[in-house]
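Structural overview for review
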Amino acid sequence: MTAPQPYNKEDMKRRMRGAVDTLKHEFAGLRTGRASPALLDPVSVDAYGQPMHINQLGTISTPEPRMLTVQVWDKGLVKAVDKAIRDAGLGLNPQMDGQLLRIPIPSLNEERRKELTKLAAKYAEAARVAVRNVRRDGMEHLKKLEHDHAMGKDEHHKLSEELQKLTDEFIKEIDAALHAKDQEIMQV
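What counts, and at which threshold
Positions within a chain are numbered from 1, following the residues in the order the chain's sequence is written. Reporting of local features is limited, given that this is a predicted model, to residues whose pLDDT is at least 70; pairs of side-chain atoms are given and counted only at 80 or more, and all residues count toward the totals for whole chains, interfaces and linings. Calculated side-chain values reflect all of the structure's heavy atoms, with hydrogen atoms and water omitted. Pairing between strands is defined by DSSP: at least two bridges between the two strands are required. Only DSSP runs of H or I with at least four residues qualify as helices, and only runs of E with at least two residues qualify as strands; both kinds are numbered from the N terminus onward. Here an angle of 0 to 180 degrees is reported between the N-to-C directions of two axes, which are lines fitted to C-alpha atoms, with helices fitted over the stretch in contact. In this description, contact between two residues means that some pair of their heavy atoms is separated by no more than 4.5 Å. Think of a nonpolar core as a cluster: buried Ala, Val, Leu, Ile, Met, Phe, Trp, Tyr and Cys residues, connected wherever their side-chain atoms sit within 4.5 Å. Only protein chains enter the accessibility calculation, which uses a 1.4 Å probe; a residue is then buried when its area is under 20% of its type maximum, exposed when over 50%, and partly exposed in between.

1. Digging into the sheet that holds strand β4 (residues 67-72)
Sheets are built from strands that pair by backbone hydrogen bonding, the pairs being arranged parallel or antiparallel. Pairing in this open sheet of four strands is antiparallel, and the strands run β3-β4-β6-β5 from one edge to the other. Each edge of the open sheet is held by one strand with a lone partner, namely β3 (58-64) and β5 (95-97). Between one strand and the next, the sheet's axes are offset by a mean angle of 25°, whatever the strand orientation. Pairing of β4 with strand β6 (residues 100-104), which is carried by five bridges, proceeds in the antiparallel orientation. Residue pairing across strands places Q71 opposite L100, the latter belonging to β6. Of the strands in this sheet, β4, β5 and β6 are in contact with helix α2 (residues 78-87), which crosses β6 at around 15°.

Spelled out as C-alpha cells, the structure:
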C-alpha cells in the first residue's frame, strides 16, 4: 500500500487561482459597450478545413473606444470571417473594406445591460462553485490523512482552518471582480 500524498497548500491555491483566472477571462468577453479584442474570442471561423479563432487569421485592434478592426491576412477568408462574426450572436455587423473589417460596437440598451449582469453573476457563481470544490477536495484529503494516521487532529484542524481562509479570500476576490464588472456594464 502506498503512503497517502501529503497535503499541498500551494496546489489548492493554484487550483483556486485557476478558477478566478477563468472568470476574469470570461468577463473580458462580456460586451460592455466598449471595444475589446476579447469580445471576438468566442468566434470561430471555418478556415482551411477546420475551425480557427479570428486571432489566428488576422490582427484585431481597437482604433477607437467603440470600434474594432480585423485585418484579415488571407484575402480569400475575409467573407468567412465576416460571416462568422455576424453569426456569432454578438449583435455585431462588420463592414468590409478590402481585407479590413470595421466592427462598430453598438451602445447597450437597459434590457441588454441587465442580461449581461445576470450572465456575469452566472459566471461568478460557477467560479465560486469551482473554488468550493477545490476546498471540498482539500478537506477530504485532510480527513483521509488524519484517518490514515498521517497527521494528528490538531494539525488537521489547523490546516482545515487555513484552507477555509484561503477559500474565503478567493470568494472575496470573485465577488469584487463581479462587482467591478457590474459597475462597468451599468455605467456605460
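Picking up after the structure, the text goes on.
2. A word on the nonpolar core
Grouped together as the largest cluster of nonpolar side chains are 27 residues, with contacts concentrated most on Y7, M16, L23, F27, V131 and I174. Contributing elements (two or more residues each) for this core: α1 (9-29), α3 (110-147) and α4 (153-187). Among the elements that line this core, the one with the most residues is α4, at nine residues. Beyond its immediate stretch of four places on either side in the chain, V131 contacts M16, A19, T167, F170, I171 and I174. Among the nonpolar cores identified, the runner-up in size contains 23 residues, and L68, V72, L101 and I103 belong to it.

3. A few points about unusual backbone geometry
Despite not being glycine, Y48 has its phi angle at roughly 55°, a positive value. Within the secondary structure, Y48 sits in the loop between β1 (44-47) and β2 (50-53). Taking relative accessible area as the criterion, Y48 reaches 55% and is therefore assigned exposed.

4. Some points on the pairing of β6
Relative to β6, β5 runs antiparallel, the two sharing three bridges. What sits directly across from Q95, in β6, is R102. Between β5 and β6, which pair antiparallel one after the other, the connecting turn spans two residues, and G98 there sits at a positive phi close to 70°.

5. Regarding the environment of M67
The residue M67 is located in strand β4 in this model. Residue classification places M67 among the buried residues on the basis of a relative accessible area of 15%. Linking M67 and I105, residues 38 residues apart in sequence, is a C-alpha distance of 5.6 Å. In contact with M67, other than residues within four places in its own chain, are A35, S61, T62, R102, I103, P104 and I105.

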